[in-house]
Amino acid sequence: MPDSSEPSPAIDRNLGMELVRVTEAAALSSAPYMGRGDGKAGDGAAVAAMRAVLGTIRMSGTIVIGEGEKDDAPMLFNGEQVGTGDAPELDLAVDPVEGTRLLALGRDNAIAVIAAAPGGSMWKPGSSYYMDKLVGGSELKGVIDMSLSPTENLERAAEATGRPVEQLTVFVLEKPRHRELVAELRTAGARVSLHTDGDVMGAILAAYPGTGVDLLMGIGGTPEGVIAAVAVKALGGVMQGRLAPQLSEERSRLRSELDPDELRQILAADDLVRSDDAFFAATAITGSPFLEGVRYDRALGVSTESLVIRAGSGSVRHVRGIHRLDARHIFGRDARERVIEVVSD
Ligand code: VTB
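Computed from a predicted model, the values in this text were never measured in an experiment. (Residues numbered from 1 in each chain as written. Predicted model: local features only at pLDDT ≥ 70, side-chain atom pairs only at ≥ 80, totals over all residues. Heavy atoms only, no water.)

Chemist: Sorry, what's going on with the packing of aromatic side chains here?
Modeler: A ring pair, where both rings are aromatic, is described by two values, the distance of the centres and the angle of the planes. Scanning the model with the defined rule gives one aromatic pair in all. Between Tyr-208 and Phe-290 the ring centres are 4.8 Å apart and the planes differ by 75 degrees, which places this aromatic pair in the edge-to-face class. One end of the pair, Tyr-208, is in the loop between α6 (199-207) and β8 (215-221); the other, Phe-290, is in the loop between β11 (279-284) and β12 (295-297), and 82 residues separate them in sequence. There is no split in this pair, since Tyr-208 and Phe-290 are both buried. (Phe/Tyr/Trp six-rings, centres within 6.5 Å; stacked < 30°, edge-to-face > 60°. Helix = DSSP H or I, 4+ residues; strand = E, 2+ residues; numbered from the N terminus. Buried < 20%, exposed > 50% of the residue type's maximum accessible area, 1.4 Å probe, protein only.)

And the structure:
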């Protein structure tokens, strides 16, 4: 499935600084839906906001990962053209609400996220919904490997970081499919941090120094895997992925599209994004110890916290935004009215 076309030439500006407006808009538009039990409504508002702001950015963007298909959620469509139509040509991977359930239940770690890379450089998930992932920080480069067992990876990580396995924390999605993995990690002595959703944030936490998370292991969405690969790569961390179909229809479609070797192939971050000229922006919708979620203040307005990462330069920025409540250009009409309603409650 990797795309064989040549990526387009280098991008001369930090597009992340523009793309963060897209994720801010998605976060601002979906935040009023926090804890209201309706993740899809929040997702719909985020999709509309993303689409509107994407249209204002000087680029010829193609959505290669629109997300939503697996969960039957509102989405930006694969192949959809966005931007002003000027250079540069970009592949875009978006997840307007990564963690709709987290948003619906008001739990930590729901983010609006976008990744961009030169046209033709992003790996396309095709019929693959699920991917097994292994992520760690820069000190684990060349140390951890998916072909090894979780226990072996923990032992290697312990040696490389100079900390016993008991002091390593592994982010794992809390899913029945991870029963064995979690049991193995516990037997090995690692600290396991279980989260119902949101393994893009899990990958960032594992790759970013000092977050208290050392590794991400386990099966999550394939689109989320490609998005995470941009962030991990830009943060200098290590990421590997391998297709791990969970649905029978997914399994049979993949079997007809790929040969067994391709199905088993371990993909590195560089395979998932075949360019160093990549950009990543994420805005917290709900809070987390790492990024502050959207907050409303009568005097200040609405605040956001985002992460902007550029792979080419390795720059990482935490961007704090203060937005006026009446900023029509940011909110979809309904979402804007809901924001005002929420603030004046
Ligand atoms: C995965 C994960 C995402 O949903 O897609 C998961 O990558 C879905 O897993 O971060 P299930 O289908 O087993 O529920 C998220 O957690 C949130 O979209």
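Chemist: What exactly am I supposed to notice about the nonpolar core here?
Modeler: The tendency in soluble globular proteins is for nonpolar side chains to be buried as a group. Met-122, Val-135, Ile-204, Met-239, Leu-272, Phe-280 and Phe-290 are the most contacted members of the largest nonpolar core, which totals 50 residues. Looking at this core element by element, the count peaks at eight residues for helix α7 (residues 222-234). Residues contacting Phe-280, with those up to four places away along its chain left out, are Val-113, Ile-114, Ala-115, Val-200, Ile-204, Ile-227, Val-230, Ala-231, Leu-307, Val-308 and Ile-309. Counting residues in each nonpolar core, the second largest holds 39 residues, with Leu-15, Ile-63, Val-319 and Leu-325 among its members. (Core = buried A, V, L, I, M, F, W, Y, C linked by side-chain atoms within 4.5 Å. Contact = heavy atoms within 4.5 Å.)

Chemist: What should I look at first to understand the site of the ligand in this one?
Modeler: Taken together, 15 residues sit near the ligand, with Glu-98, Tyr-130, Arg-177, Asp-199 and Gly-221 positioned nearest. The contact in question runs from an oxygen atom of the ligand to an N or O atom on the side chain of Glu-98, over 2.7 Å. Glu-224 has a polar side-chain atom sitting 3.4 Å from an oxygen atom of the ligand. In isolation the ligand offers 420 Å² of accessible surface; the protein chains occlude 87% of this area. Elements with a minimum of two residues in the shell around the ligand: β5 (130-136) and β8. In terms of residue class, the shell around the ligand is built from two nonpolar, four polar and nine charged. (Near = heavy atom within 4 Å. Polar contact = N/O pair within 3.5 Å; in protein donor to acceptor, adjacent residues only side chain to side chain. Areas by Shrake-Rupley, 256 points an atom, 1.4 Å probe, with all protein chains shown as cover. Nonpolar A, V, L, I, M, F, W, Y, C, P; charged D, E, K, R; others polar.)

Chemist: What am I meant to see in the environment of Gly-142 here?
Modeler: Structurally, Gly-142 is set in the loop between β5 and α4 (150-161). Judged by its relative accessible area of 76%, Gly-142 is exposed. Linking Gly-142 and Val-238, residues 96 residues apart in sequence, is a C-alpha distance of 8.1 Å.

Chemist: Can you help me understand the sheet that holds strand β10 (residues 267-268) in this one?
Modeler: Two strands in a sheet stick together by hydrogen bonds in their backbones, pointing the same way (parallel) or opposite ways (antiparallel). With mixed pairing, six strands are arranged side by side in an open sheet as β7-β6-β8-β5-β9-β10. Only two strands of the sheet have a single partner each, and these edge strands are β7 (191-195) and β10. Pairing of strand β9 (residues 238-243) with β10, which is carried by two bridges, proceeds in the antiparallel orientation. Bridging across to β10, Gln-240 finds its partner in Ala-268. Contacting β5, β6 (169-173) and β8, α6 crosses the sheet at an angle of about 160 degrees to β8. (Pairing = 2+ DSSP bridges. Axes fitted to C-alpha atoms, helices over the stretch in contact; angles between N-to-C directions.)

Chemist: For this particular structure, what's the right way to read the pattern of salt bridges?
Modeler: Applying the stated criterion to the full structure yields twelve salt bridges. Across the salt bridge formed by Lys-133 and Asp-199, the nearest N and O atoms sit 2.7 Å from each other. Within this pair, whereas Lys-133 is found in strand β5, its partner Asp-199 is found in helix α6, the two being separated by 66 residues in sequence. Using a relative accessible area of 3% as the deciding quantity, one classes Lys-133 as buried. For Asp-199, a relative accessible area of 5% puts it in the buried group. The residue Arg-295 makes a salt bridge to Glu-292 at a minimum N-O spacing of 3.5 Å. Accessibility expressed as a relative area gives 49% for Arg-295, which makes it partly exposed. The class for Glu-292 is partly exposed, based on a relative accessible area of 22%. Ionic contacts of the salt-bridge type, sharing partners, join the residues Arg-101, Lys-175 and Asp-197 into one network. (Salt bridge = Lys/Arg side-chain N within 4 Å of Asp/Glu carboxyl O.)

Chemist: Honestly, the side chain of Glu-24 in this entry has me stumped. Any pointers?
Modeler: In this structure, Glu-24 sits in helix α1 (residues 16-30). Here Glu-24 occupies a buried position and makes no salt bridge, while the nearest side chain of opposite charge, Arg-21, is found at 6.2 Å. If we skip the residues at most four places from it in the chain, Glu-24 touches Thr-283, Thr-304, Ser-306, Val-319, Gly-321 and His-323. (Lys, Arg positive; Asp, Glu negative; His and termini not counted.)

Chemist: Where do I start with the packing of α4 against helix α5 (residues 179-188) in this structure?
Modeler: When two helices pack together, you describe them by how their axes are tilted relative to each other and by the distance separating the axes. Orientation of α4 relative to α5, taken along the N-to-C sense of each, is 40 degrees, at an axis distance of 9 Å. By the angle between their directions, the pair α4 and α5 is classed as oblique. Handedness of the α4/α5 crossing: right-handed. Contacts between α4 and α5 involve Pro-150, Thr-151 and Leu-154 from the former and Leu-181, Glu-184, Leu-185 and Ala-188 from the latter. Residue classes in the contact of α4 with α5 are distributed as five nonpolar, one polar and one charged. (Parallel < 35°, antiparallel > 145°, perpendicular 65-115°, else oblique. Left-handed = near helix turned anticlockwise from the far one by under 90°.)

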